[in-house]
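Overview (structure and organization)
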Amino acid sequence: MDGTETPEGRERATRGRRRTRRHDPQRRRRILDAALDVLVAEGAAGLTHRKAASRADVPLGSVTYHFASLTELRNEAFAWYVGQRTAEYEALFAEVESRSDLIDVLADLVHGGPSRHRSAVLGFELHLAALRDPALRALTHEWTKASRAVLARFTGPETAARLDALLEGMIMHALLSPRPEPREAIRAAIEQSLGPADGSGT
């Protein structure tokens, strides 16, 4: 007999299992990632605590424990996404040393939009939700500010703002279009937005 056959032993074993299940430091992160999956699949209107719990494979009570309201869950999921995406975006430019390098990176960003479908959809879902939520508008403002600051290192602030707006529109077009835009056309639009090579655009 190993001590678990008595009522007291079974109770101790049950408490031990419960303690093991509760000790899950990555659970909150998994819930946020699951919420993002729901946002991609169903949009903000489709997000529920139950759906996030199902995708994260955690009890419903775990989701409501960490995120009391759907607004809190949605907004923190978007904030988690923006933090990830901001770091990824900056890393794209780590080896840019010339105007040609910059154009290549930006063209890849647009041309590869459909292959990064999840990330692009989340970005547009965030902007759509931000139309009705001031807290999310503040988040999109900070995100735009950060991305333009990256571009401004190579272009200056005015060109960076113009280029950032162009990229958003072109990525949305790439997601919705039945045919990909030719890479040459993407490069030409970016070059035009940058301005003359010997001008103030770079």
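In this text the structure is predicted, and so the values were computed from the model without any measurement. (Residues numbered from 1 in each chain as written. Predicted model: local features only at pLDDT ≥ 70, side-chain atom pairs only at ≥ 80, totals over all residues. Heavy atoms only, no water.)

A closer look at empty space enclosed by the protein
What counts is decided by this rule: Any residue with an atom within 4 Å of a point lines the site, the site being either a cavity, points on a 1 Å grid over the protein atoms alone where a 1.4 Å probe fits but cannot get out, or a pocket, an open set with protein on both sides within 12 Å along at least 5 of 7 lines. Grid points are joined across faces, edges and corners, and a volume is the space filled by probe spheres set on the points. Numbered from the N terminus, helices here are DSSP runs of H or I no shorter than four residues, and strands are runs of E no shorter than two. We call Asp, Glu, Lys and Arg charged. Ala, Val, Leu, Ile, Met, Phe, Trp, Tyr, Cys and Pro are nonpolar, and the rest, Gly among them, are polar.
Counting across every chain of the model gives one cavity of 30 Å³ or more. By volume, the largest cavity amounts to about 370 Å³. What lines the largest cavity is a set of 18 residues, among which Tyr-81, Arg-85, Trp-143, Glu-168 and Ile-171 lie closest to the centre. Elements with a minimum of two residues in the lining of the largest cavity: helix H5 (70-92), helix H7 (117-130), helix H8 (134-155) and helix H9 (157-176). A per-class count over the lining of the largest cavity returns eight nonpolar, six polar and four charged.

Notes on the packing of helix H6 (residues 99-111) against H9
Note the threshold: Fitting a line to C-alpha atoms yields each axis, with helices limited to the stretch in contact; the angle taken between N-to-C directions then spans 0 to 180 degrees. In what follows, a contact means two residues having at least one pair of non-hydrogen atoms within 4.5 Å.
Put simply, H6 and H9 touch, their axes get as near as 8 Å, and they point 35° apart. Facing H6, whose interface residues are Leu-106, Leu-109 and Val-110, H9 presents Leu-163, Leu-167, Met-170, Ile-171 and Ala-174. Class assignment for the residues of the contact of H6 with H9 results in eight nonpolar, no polar and no charged.

Observations concerning the environment of Ser-100
To be explicit about the condition: Three exposure classes are used, based on accessible area relative to the maximum for each residue type with a 1.4 Å probe and protein chains only: buried under 20%, partly exposed in between, and exposed over 50%.
Examined against the element boundaries, Ser-100 turns out to sit in helix H6. Its relative accessible area of 40% is what places Ser-100 among the partly exposed residues. Separated by 97 residues in sequence, Ser-100 and Ala-197 place their C-alpha atoms 9.9 Å apart.

Remarks on the pattern of salt bridges
Selection rule: Take a side-chain nitrogen of Lys or Arg and a carboxyl oxygen of Asp or Glu: if they are within 4 Å of each other, that pair is a salt bridge.
In this structure the tally under the stated criterion is nine salt bridges. Linking Glu-42 and Lys-51 is a salt bridge whose minimum nitrogen-to-oxygen distance equals 2.6 Å. Note that Arg-85 is salt-bridged to Glu-88, the shortest N-O span being 3.4 Å. Placement of both Arg-85 and Glu-88 in helix H5 is noted, with a separation of three residues, approximately one turn of the helix. Relative accessible area serves as the criterion here: at 13%, Arg-85 is assigned to the buried category.

Quick word on the packing of aromatic side chains
The line we're drawing: Two aromatic rings from Phe, Tyr or Trp, using only the six-membered ring of Trp, form a pair when their centres are within 6.5 Å; if the ring planes differ by under 30 degrees the pair is stacked, by over 60 it is edge-to-face, and anything between is tilted.
Per the counting criterion, the structure on display carries three aromatic pairs. Both rings, one in Tyr-81 and one in Trp-143, keep their centres 5.6 Å apart while their planes meet at 85°; by these two values the pair is edge-to-face. Linking Tyr-81 in helix H5 with Trp-143 in helix H8, this pair joins segments that are 62 residues apart in sequence. Judged by relative accessible area, Tyr-81 falls into the buried class, the value being 5%. One aromatic cluster is present, formed by Tyr-89, Phe-93 and Phe-154 through successive ring pairs.

Examining unusual backbone geometry
Of note, Asp-57 is a non-glycine position whose phi angle comes to about 60°, a positive value. Mapped onto the elements, Asp-57 comes out in the loop between helix H3 (49-56) and helix H4 (60-66). A residue is classified by how much of its surface remains accessible, and Asp-57, at 67% relative accessible area, is exposed.

Focus: the nonpolar core
What counts, and what does not: For our purposes a nonpolar core is just a set of buried Ala, Val, Leu, Ile, Met, Phe, Trp, Tyr and Cys residues, chained together by side-chain atoms within 4.5 Å.
Ranked by size, the top nonpolar core spans 26 residues in total, and within it Ile-31, Leu-39, Leu-73, Phe-78, Leu-126 and Leu-136 carry the most contacts. For this core, the secondary-structure elements that each account for two or more residues are helix H2 (27-42), H3, H5, H7 and H8. Broken down by element, the residue count for this core peaks at seven residues, all from H2. Excluding residues within four positions of it along the chain, Leu-73 makes contact with Ile-31, Leu-32, Ala-35, Leu-47, Thr-48, His-49, Ala-52, Val-63 and Phe-67.

Structural measurements only, silent on function.
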